[in-house]
Amino acid sequence: MKTEIQKRRTFAIISHPDAGKTTLTEKLLLFGGAIHVAGAVKSNKIKKTATSDWMEIEKQRGISVATSVMGFDYEGYKINILDTPGHQDFAEDTYRTLTAVDSVIIVVDIAKGVEAQTRKLMEVCRMRKTPVMIFVNKMDRDGKEPFDLLDELEEELQIHVRPLSWPIEMGVKFKGVYNLYEEKLDLYTPSKQTITESVQLNLSSPELDAQIGADLAAKLREDIELINGVYPAFTPQPPQGGEASPLLRGFGGAGLDKYLKGDLAPVFFGSALNNFGVKELLDCFVRIAPSPRPVAAEERTVDPENDPFSGFIFKIHANMDPNHRSCIAFLKICSGKFERNTNYRHVRFDKLMKFSQATAFMAQKKETVDEAYAGDIIGLPDTGNFKIGDTLTAGEVLHFKGLPSFSP
Ligand SMILES: Nc1nc2c(ncn2[C@@H]2O[C@H](COP(=O)(O)OP(=O)(O)OP(=O)(O)O)[C@@H](O)[C@H]2O)c(=O)[nH]1
Ligand SMILES: [Mg+2]
């Protein structure tokens, strides 16, 4: 059970509207092999709509209205993504979602920088000490100077930052990024291809000059020297069997500890629409993002790996499936293992309930689950038994803390 729980990565993608959350989610599903053709957020040319924008109103308006949950397996990890709406009218849904995740990825538009809703959501993350990674999106467009943007991120989001990739030019001149973590040059080609051309090379190699020209190579070397001088060292676990990049080594991985405490955000640059920088983000994410963390209940702190089953309802959705009029209650499993047809205690009613029809959310389709583990989110058919904040346990009385309540 411990191995199952440790391989789970449950996170939300958050930001101001239009930064590219749904587009990024779609590409993460694509790289994770969960879907084979990426859909797009409203566009007249493209027939397939984004997997996470499945509601009719979302398809029509090209915005996300409700949080979608999608799970998939990637390189031995089980990933649960929650794509949230950015619009403030639906912020309640997003705030609740933040109670159900172990980390977040914040998407920032290179041209717009930090926007109002992103700032508010970051406040919630700071309060909860949620580890944060930042994806600077839309590098195919002209935007702010990257060092200025880093200062803006630190100031506006009140979090330290640490670039783990670094852009070479932007907009029409965008050449790609240098990946500090894996010491490679990822070259950008403005197409929809999913494989990024990358060259393993040391910064001092003359090959760099050959690839991007002497001037840009000199500027890149200067920029990276500055980054390593100014920003905290960051030592993520090296790729399997490999060694952490010497560029990031030192100071005992102070950056990684700070990330896990929610004090420092690693920053990646890319373009979700062009499939660029997404795989690099995902590869680093699965290695450094936390597996399910302990959850505070009024009674005690619940340990995901050593405690029996417990979980709470953070969202209830009506009419998800036009063929079934029932509601679905979204349950985040905090500890242990959930099993089908097993009696669990509904703490508020003080009665036992069992579920034969619990569903897992695998991209686009739902499927019945026999078992699920801490970190997972499952859907329970609800005929009026649940309220947001309700707890289910293997028997113990627990009330989880920190669920915001809103007037109806
Ligand atoms: N040029 C460019 N456009 C992008 C990129 N990523 C996303 N977009 C576009 O930005 C628009 C908004 O993208 P979405 O993914 O819907 O943004 P969102 O953050 O999910 O928005 P809400 O759900 O409404 O909060 C869409 O038209 C995308 O095609 C990118 O890398 N480059
Ligand atoms: Mg969206």
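Procedures and definitions
Here the residue index of a chain counts from 1 through its sequence in written order. Both sets of labels track the order of writing: A upward for chains, 1 upward for ligands. With the structure being a predicted model, the display of local features is reserved for residues of pLDDT at least 70 and the display and counting of side-chain atom pairs for 80 or more, all residues being used for whole-chain, interface and lining totals. Excluded from the side-chain calculation are hydrogens and water; included are all heavy atoms of the structure. Working definition of a nonpolar core: buried Ala, Val, Leu, Ile, Met, Phe, Trp, Tyr and Cys residues. They are joined through side-chain atoms within 4.5 Å. Three labels apply to residues, based on accessible area from a 1.4 Å probe with only protein chains included: buried if under 20% of the type maximum, exposed if over 50%, partly exposed otherwise in between. Only heavy atoms matter for contacts: two residues are in contact if any of them lie within 4.5 Å across the pair. Here, a salt bridge means any side-chain nitrogen of Lys or Arg that lies within 4 Å of a carboxyl oxygen of Asp or Glu. Runs of E in the DSSP output that reach at least two residues are strands. Runs of H or I that reach at least four are helices, and both are numbered from the N terminus. When two rings of Phe, Tyr or Trp (its six-membered ring) have centres within 6.5 Å they constitute a pair, described as stacked for plane angles under 30 degrees, edge-to-face for angles over 60, and tilted for the intermediate range. Distances are taken per atom, and a residue is near a molecule or strand as soon as one of its heavy atoms is within 4 Å of it. Pairing of N or O atoms within 3.5 Å defines a polar contact, subject to two protein rules: one partner must be a possible hydrogen donor and the other a possible acceptor, and residues neighboring in sequence count only if both atoms are side-chain atoms. Per-residue accessibility takes into account occlusion by the displayed protein chains alone, with areas from the Shrake-Rupley method and a 1.4 Å probe. Here an axis means a line fitted to C-alpha atoms, over the contact stretch when the element is a helix, while the angle between two N-to-C directions is reported on a 0 to 180 degree scale. Roughly parallel means an angle under 35 degrees; roughly antiparallel, over 145; roughly perpendicular, 65 to 115; everything else is oblique. With the far helix as reference, a near helix turned anticlockwise by less than a right angle produces a left-handed crossing, and one turned clockwise produces a right-handed crossing. Patches were defined on residues exceeding 30% relative accessible area and lacking a salt bridge, with like-charge contacts within 9 Å and nonpolar side-chain contacts (Val, Leu, Ile, Met, Phe, Trp, Tyr) within 5 Å. The sign given to each residue is positive for Lys and Arg and negative for Asp and Glu; His and the chain ends receive no count. A charged residue contributes its charge at one atom only: NZ of Lys, CZ of Arg, CG of Asp or CD of Glu. Paired strands, as defined in this entry, are two strands with at least two bridges between them according to DSSP. An arc is given here, and it is the one of the directions from the helix axis to the C-beta atoms.

## A short note on the nonpolar core
Counting residues in each nonpolar core, the largest one holds 67 residues, and the members touching the most others are I134 and L153. Other than its neighbours up to four places away in sequence, L153 contacts V108, V114, I134, Q158, I159, V161 and V267. By size, the runner-up hydrophobic cluster in this structure holds 35 residues, among which are L30, I105, L256 and L264.

## A word on the pattern of salt bridges
Summed over all chains, the structure comprises 21 salt bridges. For K332, the salt bridge goes to D102, with nearest N and O atoms at 3.6 Å. One end of the pair, K332, is in strand β15 (residues 327-335); the other, D102, is in the loop between α4 (91-98) and β4 (103-109), and 230 residues separate them in sequence. Like K332, the residue D102 is buried in the burial classification. Two residues, R119 and E156, come together in a salt bridge whose shortest N-O distance is 2.6 Å. Here E156 lies in helix α6 (residues 146-157) and R119 lies in helix α5 (residues 116-128), a separation of 37 residues in the sequence.

## Let's talk about the packing of aromatic side chains
Within this structure, the stated rule accounts for 14 aromatic pairs. Here the aromatic rings of F309 and F338 are separated by 5.7 Å at their centres, their planes lie at 65 degrees, and the arrangement is edge-to-face. Of the two residues, F309 is situated in the loop between β13 (301-302) and β14 (310-318) and F338 in strand β16 (residues 337-339); the sequence distance between them amounts to 29 residues. A relative accessible area of 4% means that F309 is categorised as buried. Note on F355 and F386: the rings are 6.2 Å apart at their centroids and 25 degrees apart in plane angle, and the pair reads as stacked. With F355 in the loop between β18 (351-353) and β19 (359-362) and F386 in the loop between β22 (377-382) and β23 (391-393), this pair connects stretches of sequence that are 31 residues apart. Relative accessible area serves as the criterion here: at 5%, F355 is assigned to the buried category. Linked through ring pairs, F309, F338, Y344, F355 and F386 together constitute an aromatic cluster.

## Remarks on α4
Of all eight residues making up α4, seven are buried, and the element is well covered by its neighbours. Buried residues in α4 make contact with β1 (8-14), β3 (77-83), β4, α5 and β14.

## So, the site of ligand 1
Contacts to ligand 1 come from 18 residues, most closely from K21, T23, S64, D140 and S271. At a separation of 3.0 Å, an oxygen atom of ligand 1 approaches a polar backbone atom of G20. G86 places a main-chain nitrogen or oxygen 2.9 Å from an oxygen atom of ligand 1. Its free accessible area being 660 Å², ligand 1 has 89% of it covered by the protein chains.

## Observations concerning unusual backbone geometry
Although it is not a glycine, E75 adopts a positive phi angle of roughly 45 degrees. Within the secondary structure layout, E75 lies in the loop between β2 (68-74) and β3. One non-glycine residue, K138, lies in positive phi territory at about 65 degrees. In this fold, K138 is placed in the loop between β5 (132-137) and α6.

## Details of the packing of α4 against α5
Contact geometry for α4 and α5: axes closest at 10 Å, N-to-C directions at 25 degrees. With respect to each other, α4 and α5 are oriented roughly parallel. Where α4 crosses over α5, the two elements pack in a sense that is right-handed. Contact residues: α4 offers A91, T94, Y95 and L98, while α5 offers Q117, K120, L121, V124, C125 and R128.

## Examining a negative patch on the surface
A cluster of like negative charges, contributed by E145, D148, D151 and E155, occupies part of the molecular surface. Its location among the elements puts D151 in helix α6. Since its relative accessible area comes to 44%, D151 is described here as partly exposed.

## Points about the environment of A272
Position of A272 among the secondary structure elements: in the loop between β11 (264-269) and α10 (278-288). Residues A272 and K138, spaced 134 residues apart in sequence, show a C-alpha to C-alpha distance of 7.0 Å. Filtering out sequence-adjacent residues up to four positions away, A272 remains in contact with T23, L24, K27, F135, N137 and V278.

## Considering the sheet that holds strand β8 (residues 176-179)
Strand order in the open sheet formed by four strands is β7-β8-β9-β10, and the pairing between neighbours is antiparallel. Every other strand in the sheet has two partners, leaving β7 (165-168) and β10 (197-200) as the edge strands with one partner each. Direction aside, the axes of adjacent strands within the sheet are offset by 20 degrees on average. One ladder, built from four bridges, connects β8 with strand β9 (residues 184-187); its direction is antiparallel. If you follow G176 over to β9, its bridge partner there is L187. Contacting β7 and β8, helix α8 (residues 214-230) runs over the sheet at an angle of about 150 degrees to β7.

## Topic: helix α9 (residues 254-261)
Buried within α9 are the following residues: G255, L256 and Y259. With its buried residues spanning 100 degrees around the axis, α9 presents them on a single face. In this fold, the buried residues of α9 make contact with β4, β5, β11 and α10. Among the residues trailing α9, G262 stands out with phi positive, at a value near 85 degrees.

## Observations regarding the side chain of H346
Relative to the elements of secondary structure, H346 occurs in strand β17 (residues 344-346). Under the relative-accessibility criterion, H346 is labelled buried at 0%. A polar contact is formed between the side chain of H346 and the backbone oxygen of N385, at a distance of 3.0 Å. The contacts of H346, once residues within four sequence positions are left out, are K351, M353, N385, F386, D390, T391 and L392.

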